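# Structure at a glance
What follows is each chain in one-letter form.
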Amino acid sequence: MNRYIRHSIVLISTICLFQACMEEPDLHVNTNKGNLNALWEIIDNRYCYLDYKNINWDSIHTEYTLRVDTVSNKYGLFDLMGDMLTNLKDGHVNLYSEFDRSRYWKWYTDYPENLNNEIIFNNRYLGSAYRIAGGFRYRKIAGNQVGYAYYGSFSTGFSDSNIRSLFEVFAGCKGLIIDVRGNGGGLVSNSELLASYFFKEKTLTGYISHKTGNGHSDFSEPTAVYTVPHKKIKWERPVVILTNRMSYSATNEFVGRMKYAPSATVMGDKTGGGGGLPLSSELPNGWMVRFSASPMYDAGMINTEWGIDPDVKVDMNKQDEEKGIDTIIERAVSLIVN
């Protein structure tokens, strides 16, 4: 079995083991108030950031219980419960029904976008003659001195052969840019695998804890997370990782690992965060709620839920954009070439 898949299975099994040790939530009747109480209780018992974010979940319960009697149909109930969840300020928290999915977007909409897809695909960068390997779109830029690869989703897989081919094309380049701006996440196993190509030795890159009880601060002792170098494929020249606020979830986790890679520089804007591994639970009416269950930290035990700062902060410049120039890519090129 692939070691990255095996690692993910062990991680999920560990989470499930801790969750199984917790008390089951009370049974609630399938009424508006019953579903609201069930949702509140799931978050109260299992969400991992209530104390960290200083959220008074009891007062929120009081507020929304008073409002639930004004709801006249399932759409109103869904909107009310979705609104209650926005108090968590967490992009990993969603309420799912047969007709809608609630979402919290302010973790990136309140910040500069720092990405213009039209510019990425102009002839200065990817153009139209770029190559595709797995989820990567890539091409040599800056007079063939720099390799540029855009990776838009960790839900899109790639193989060792894809990465080997990408590195072969960039063999004569002074360095490599991996652009994960706008990458909202996906599979944690893919983020771990991608990071492995840039490490020379097994390196402590973070920690994870798990809920062990229904108390807001009932957590296991932090478990160390290591990034293990790939046995056969390595990139040992400079690599610059481009980030913005939409670099979230598994992308946040990848950036957290790459902060400790020996030849890597993280550049752009602070990532969007999403440091809690999510789980799901069912309400009496069959709706599902997804929530952050296990907090993750960097190697210094700093919580990554609110995002990871770049090594070099760079914002897009509007004058550059008008000329078809990506300020952040150009700064990365300058760092590598000079």
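Residues numbered from 1 in each chain as written. Predicted model: local features only at pLDDT ≥ 70, side-chain atom pairs only at ≥ 80, totals over all residues. Heavy atoms only, no water.

### A short note on the packing of helix α3 (residues 57-68) against helix α4 (residues 74-85)
The following threshold applies: Fitted lines through C-alpha atoms give the axes, limited to the stretch in contact for helices. The angle between two N-to-C directions lies from 0 to 180 degrees. Strands here mean DSSP runs of E at least two residues long; helices mean DSSP runs of H or I at least four residues long; both are numbered from the N terminus. Any angle that falls under 35 degrees is termed roughly parallel, while one over 145 is termed roughly antiparallel, one within 65 to 115 roughly perpendicular, and all others oblique. If you view the pair so one helix is near and one far, a crossing is left-handed when the near helix is turned anticlockwise from the far one by less than a right angle, and right-handed when it is turned clockwise. When checking whether two residues touch, look at their non-hydrogen atoms; a contact exists if any pair is within 4.5 Å. Side-chain classes are defined by residue name, with Ala, Val, Leu, Ile, Met, Phe, Trp, Tyr, Cys and Pro counting as nonpolar, Asp, Glu, Lys and Arg as charged, and the others, Gly among them, as polar.
Close contact between α3 and α4 brings their axes to 11 Å; oriented N to C, the two are set at 165 degrees. Relative to α4, α3 is oriented roughly antiparallel. Crossing geometry of α3 relative to α4 is assigned as right-handed. From α3, W57, I60, Y64, R67 and V68 reach across to α4, where they touch L77, L80, D83 and M84. Looking at side-chain class alone, the contact of α3 with α4 contains seven nonpolar, no polar and two charged residues.

### Some thoughts on the pairing of strand β3 (residues 136-141)
Keep this limit in mind: Here the rule is simple: two strands pair whenever DSSP picks up at least two bridges between them.
Strand direction decides the pairing type here: strand β2 (residues 131-133) and β3, joined by three bridges, are antiparallel. By the bridge assignment for β3, I132 is matched with R137. With six bridges connecting them, β3 and strand β4 (residues 146-151) associate as antiparallel partners. Across the sheet, residue I141 finds its bridge partner in β4, namely V146.

### Points about the sheet that holds strand β6 (residues 203-208)
Strand order in the open sheet formed by three strands is β7-β6-β12, and the pairing between neighbours is antiparallel. Strand pairing shows two members of the sheet lacking a second neighbour, β7 (223-227) and β12 (296-297), which therefore form its edges. The sheet contact formed by β6 and β12 spans two bridges and is antiparallel. Note on β12: the bridge partner recorded for Y207 is Y297. Sitting on the sheet, helix α9 (residues 250-258) is in contact with β6, β7 and β12, with an inclination near 75 degrees to β7.

Keep in mind these numbers describe shape, not what the thing actually does.
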